[in-house]
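Each chain is listed here by its residues.
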Amino acid sequence: SQTIHQWPATLVQPVGSPLSLECTVEGTSNPNLYWYRQAAGRGLQLLFYSVGIGQISSEVPQNLSASRPQDRQFILSSKKLLLSDSGFYLCAWGTGFNQPQHFGDGTRLSIL
Amino acid sequence: TQLLEQSPQFLSIQEGENLTVYCNSSSVFSSLQWYRQEPGEGPVLLVTVVTGGEVKKLKRLTFQFGDARKDSSLHITAAQPGDTGLYLCAGRDNAGNMLTFGGGTRLMVKP
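Residue numbers restart at each chain and count upward from 1, following the sequence in its written direction. To read the labels, note that chains go from A and ligands from 1, taken in the order they are written. Under the rules for a predicted model, residues below a pLDDT of 70 receive no local features and side-chain atom pairs below 80 are neither given nor counted, while totals for whole chains, interfaces and linings still include all residues. No hydrogens and no water enter the side-chain calculation; it runs on all heavy atoms of the structure.

Engineer: Please clarify how the overall build of chain A should be interpreted in this entry.
Structural biologist: Numbering goes from the N terminus for both helices and strands, where a helix is a DSSP run of H or I of at least four residues and a strand is a run of E of at least two. What chain A contains, in helices and strands, is 0 helices and 11 strands. Counting from the amino terminus, helix and strand elements in chain A follow one another as β-β-β-β-β-β-β-β-β-β-β. For the radius of gyration, the atom set is restricted to C-alpha positions; the globular benchmark scales as 2.2 Å times the number of residues to the power 0.38. Taken over C-alpha atoms, the radius of gyration comes to 13 Å for chain A, in line with the 13 Å a tight globule of 112 residues would show. Seen through its C-alpha atoms, chain A measures out along the principal axes to roughly 40 × 30 × 20 Å. Relative accessibility decides the category of a residue: with a 1.4 Å probe and only protein chains considered, values under 20% of the type maximum give buried, values over 50% give exposed, and everything between is partly exposed. In chain A, buried positions account for 48% of the 112 residues. For chain A, long-range pairs separated by at least 24 residues make up 55% of all intrachain contacts whose partners lie at least 6 apart in sequence. For the accessible areas, the method is Shrake-Rupley and the probe is 1.4 Å, while residue cover comes only from the protein chains on display. When the accessible surface of chain A is summed, it comes to about 5200 Å², and 52% of that surface belongs to carbon and sulfur atoms. Computed over 7 positive and 6 negative side-chain charges, the inter-centroid distance for chain A is 8 Å. The criterion used for residue contact is that any of the two residues' heavy atoms lie within 4.5 Å. Under the convention used here, Asp and Glu are negative, Lys and Arg are positive, and both His and the chain ends fall outside the count. To locate a charge, take NZ of a lysine, CZ of an arginine, CG of an aspartate or CD of a glutamate.

Next up, the structure:
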């Protein structure tokens with residue numbers, strides 16, 4: 001069966017520090033991968049998606065970047081975090097654009 | 001940009017009551033999904049509706065896709081405390097590319 005792992009579960013970082021969140025998927029090959037940000041108790045905003053190794057599409061301009069160094073690994077990064085980067089970050093995978101997405105448990109990021 | 005509006009944003013009811021959550025848009029979607037999310041976890045898919053007018057039932061939950069595929073509703077019968085959570089609708093555009101999420105409905109069912 002397929003599984004998705006995100007870590008860390010929670011992270012507290014000072015303003016201006018770098019960020020690296022990692023997401024890995026097991027049990028499937030060549031998945032579509034997604035990074036979302038969710039404001040407290042609200043809907044999801046798509047940040048990045050990837051249809052293959054090294055391919056990244058950005059949906060919104062921001063202080064973040066994404067990379068996909070391996071087929072089942074998706075990384076969300078920042079060189080210098082801003083206060084506005086606080087939020088709940090969710091990674092998801094799907095077998096195709098017209099298929100359901102399956103979410104990880106998220107990372108709660110707090111910027112101080 | 002396609003937008004999905006969910007209403008109400010918050011709902012607090014007593015156990016045993018019925019409720020309906022609405023998801024509306026001016027855009028047409030090829031399909032629409034409903035997710036449920038608990039605090040500190042990712043959303044979990046409940047159902048996908050594809051055909052205009054389609055009705056799907058999942059135990060006490062009834063999902064309906066509007067005839068014009070612009071709106072959807074989730075009806076819960078005899079709500080239970082275990083139904084508490086954030087309910088999200090998400091629509092897929094006709095190109096089948098991205099999911100657009102609604103703002104969510106936070107439901108609390110009190111025993």
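Right, picking up where we left off after that structure.
Engineer: Even after reading the chapter, I still don't get the state of the cysteines, so can you show me in this structure?
Structural biologist: Every disulfide links exactly two cysteines, by a covalent bond between their sulfur atoms. Disulfides are defined in this document as cysteine sulfur pairs within 2.5 Å. Applying the stated criterion across every chain yields a total of 2 disulfides over all chains. Note on cysteine connectivity: A:Cys23 is disulfide-linked to A:Cys91, with sulfurs 2.0 Å apart. Disulfide A:Cys23-A:Cys91: the torsion about the S-S bond is -75°, which places it as left-handed. Within this pair, whereas A:Cys23 is found in strand 3 (residues 19-26), its partner A:Cys91 is found in strand 9 (residues 87-94), the two being separated by 68 residues in sequence. Accessibility classification places A:Cys23 together with A:Cys91 in one group, the buried group. Shown here is the disulfide that connects B:Cys23 with B:Cys89, its sulfur atoms set 2.0 Å apart. Between B:Cys23 and B:Cys89 the disulfide shows an S-S torsion of about 75°. By sign, it is right-handed.

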